[in-house]
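Summary of structural features
Next come the chains, spelled out residue by residue.
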Amino acid sequence: MRAETPSVLLIYTGGTIGMIENPETGALENFNFDHLLKHVPELKRFNYRISSYQFEPPLDSSDMEPAYWAKLVKIINYNYDYFDGFVILHGTDTMAYTASALSFMLENLSKPVILTGSQLPIGTLRTDGKENLITAIEIAAAKNPDGTAIVPEVCIFFENHLMRGNRTTKINAENFNAFRSFNYPPLARVGIHIKYEPNLIRKPDPTKPLKPHYLFDTNVVILTLFPGIQESIVTSLLHVPGLKAVVMKTFGSGNAPQKEWFIRQLKEATERGIIIVNITQCASGAVEMGRYETGMHLLEAGVISGYDSTPECAITKLMFLLGHGLSNQDIRYKMNSCLIGEITKV
């Protein structure tokens, strides 16, 4: 039987947060998480059992890919019964992709999986890493009076905001507030106290066991529209061998050029079985394809709405659904459905 002491598994994948400066050379090096308590002595004040797992070698988040998402799911699944929550330390560049992917891969999740990192290495004087790490651990261990997790979701915690992972996007390479959830409010705000928003947090069915998924199909592409886009470019992209799906970033609330060749290319692609999902280039807001004539033409060409999905979420959701060998009809239906709180359907 497990002790009542809250327990958190810390998974270090790589990234800035785990770097310390070599005093001799000034170069940034990965530090061993066995020395975590030395660098973050504040953790000793938690009455928690904190264990760690470290990727060897640590991964620059630019190299993150589905095989590593599957590795994270395996680690969480293997340790699921032994820990109250999980904190993943991850480079910021692709953190929103990983958070989105894990939200689909960890079906029936009833424990917190909190991704965090930092803009400055944890060993530097003004690091944001310490605060992010300490608070992420506290959130991962937090329970309701009935013993259930307060935040049983895949989340990103960064700069005083806890955000649903599949709603989050990186917006800043310089400031500490690196992430934003434009279309869904934060699940918690952190000041002197951690103020949770219970009405915004998903409630899992506690009777259902965790169902891990590992399969992805990466035959997808993002097509960003711009004024003057060439027919030859669109044609060649839609005829890439093996291509199965496209996330198309359109203007405003889902508008695109009305040129005959453009609509024809999209229609021919969807008739060949390629799934085309329409999301907006705007950071905030949603696609409303029935609002303007341009959007109606896209619907008629077989393009489906991505609603207010982030690009990171749209692409990982497509890869996830394609990986599970579903029919074209099923994938189109699920892309139009809110599976795990990732889109808002009005």
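Note that the structure is a prediction, hence the values are computed from the model and not measured.

In this section: helix α4 (residues 129-141). Residues spaced three or four apart along an α-helix point in a common direction, a consequence of the helix completing one turn every 3.6 residues. Here α4 is 13 residues long and its end C-alpha atoms lie 18 Å apart, about the 18 Å a rise of 1.5 Å per residue gives. Every buried residue of α4 is listed here: G129, N132, L133, I134, T135, A136, I137, I139, A140 and A141.

What follows concerns the sheet that holds strand β17 (residues 275-280). Strand order in the open sheet formed by 4 strands is β15-β16-β17-β18, with parallel pairing between adjacent strands. Here the strands that pair on one side only, and so sit at the sheet edges, are β15 (220-224) and β18 (304-305).

This part covers the sheet that holds strand β12 (residues 188-190). Note on sheets: strands pair through backbone hydrogen bonds, and any given pair is parallel or antiparallel. Strand order in the open sheet formed by 8 strands is β4-β1-β5-β7-β8-β9-β12-β13, and the pairing between neighbours is mixed. Edge positions in the sheet fall to β4 (49-54) and β13 (194-196), since each of these pairs with one other strand and no more. Taking each pair of neighbouring strands and ignoring which way they run, the sheet shows an average axis angle of 25 degrees. As judged from the 3 bridges shared by strand β7 (residues 113-116) and strand β8 (residues 154-158), these two strands associate in the parallel manner. If you follow L115 over to β8, its bridge partner there is I156. Sheet strands touched by helix α2 (residues 66-79): β1 (7-12), β4, β5 (85-89) and β7. Its angle to β1, the strand with the most contacts, is close to 160 degrees.

Helix-helix packing is characterised by the crossing angle of the two axes and by the distance between the axes. Remark: α2 packs on helix α3 (residues 95-105), axes separated minimally by 10 Å, with the N-to-C direction vectors making an angle of 55 degrees. Regarding the angle of α2 to α3, the classification is oblique. Taken as a pair, α2 and α3 cross one another with a handedness that is right-handed. Here α2 contributes W69, A70, L72 and V73 to the contact with α3, which in turn contributes Y97, T98, A101, L102 and M105. Here the contact of α2 with α3 is built from residues that sort into 8 nonpolar, 1 polar and no charged.

Below, the discussion takes up the UniProt feature "binding site: substrate" (unreviewed entry) in the protein. UniProt annotation of "binding site: substrate" (unreviewed entry) refers to S61, T92 and D93 when read in the numbering used here. Judged by maximum C-alpha separation, these annotated positions cover 33 residues in sequence but sit close together in space, the widest gap being only 7.0 Å. Considering the arrangement of structural elements, one finds S61 in the loop between β4 and α2. Residues contacting S61, with those up to four places away along its chain left out, are H90, G91, T92, D93 and T94. Mapping D93 onto the fold places it in the loop between β5 and α3. Judged by relative accessible area, which is 45%, D93 ranks as partly exposed. With residues up to four places along the chain from it excluded, the contact list for D93 reads S61, S62 and K170.

Attention now goes to the pattern of salt bridges. One side chain can pair with another of opposite charge once the charged atoms of both are near each other. Applying the stated criterion across every chain yields a total of 10 salt bridges. With a closest N to O distance of 3.0 Å, D84 and K143 form a salt bridge. One end of the pair, D84, is in the loop between α2 and β5; the other, K143, is in the loop between α4 and β8, with 59 residues separating them in the sequence. R264 is the salt-bridge partner of E231, the closest N and O atoms lying 3.7 Å from each other. Note that E231 is positioned in helix α5 (residues 231-238) and R264 in helix α6 (residues 260-271), a separation of 33 residues in sequence. Here E231 falls in the partly exposed class, since its relative accessible area comes to 31%. R264 sits in the partly exposed class, given a relative accessible area of 31%. Here the salt bridges share partners, and the residues they tie into one network are E231, E260 and R264.

Attention now goes to the environment of T316. Mapped onto the elements, T316 comes out in helix α8 (residues 311-323). For the pair T316 and C338, spaced 22 residues apart in sequence, the C-alpha separation works out to 14 Å. For T316, the residues in contact, after removing those within four places along its chain, are W69, Y97, S100, A101, F104 and F216.

Per the domain assignment, the segments making up the protein are domain 1 (5-210) and domain 2 (218-334). Of note, the centres of domain 1 and domain 2, computed from C-alpha atoms alone, are 32 Å apart. At the junction of the two partners, domain 1 supplies 15 residues and domain 2 supplies 13 residues. Summing the contributions of domain 1 and of domain 2, the shared interface buries around 1200 Å²; its carbon and sulfur component is 65%. Broken down residue by residue, the surface that domain 1 buries against domain 2 is led by Y97, F104 and N183, which jointly contribute 46%. At the junction of domain 1 with domain 2, the criterion picks out 4 residue pairs in polar contact (both at pLDDT 80 or more). Only α2, α3 and β10 (169-170) provide two or more residues apiece to the side of domain 1 that touches domain 2. When residues in the side of domain 1 that touches domain 2 are grouped by element, the largest group, 6 residues, is from α3. Partitioning the side of domain 1 that touches domain 2 into residue classes produces 8 nonpolar, 5 polar and 2 charged.

Reading the values: the criteria
Residues numbered from 1 in each chain as written. Predicted model: local features only at pLDDT ≥ 70, side-chain atom pairs only at ≥ 80, totals over all residues. Heavy atoms only, no water. Helix = DSSP H or I, 4+ residues; strand = E, 2+ residues; numbered from the N terminus. Expected span 1.5 Å × (residues − 1). Buried < 20%, exposed > 50% of the residue type's maximum accessible area, 1.4 Å probe, protein only. Pairing = 2+ DSSP bridges. Axes fitted to C-alpha atoms, helices over the stretch in contact; angles between N-to-C directions. Contact = heavy atoms within 4.5 Å. Parallel < 35°, antiparallel > 145°, perpendicular 65-115°, else oblique. Left-handed = near helix turned anticlockwise from the far one by under 90°. Nonpolar A, V, L, I, M, F, W, Y, C, P; charged D, E, K, R; others polar. UniProt positions renumbered as here; feature names shortened; annotations may be inferred. Salt bridge = Lys/Arg side-chain N within 4 Å of Asp/Glu carboxyl O. Domains from an automatic or database assignment. Buried area = accessible area lost by both parts, 1.4 Å probe. Polar contact = N/O pair within 3.5 Å; in protein donor to acceptor, adjacent residues only side chain to side chain.

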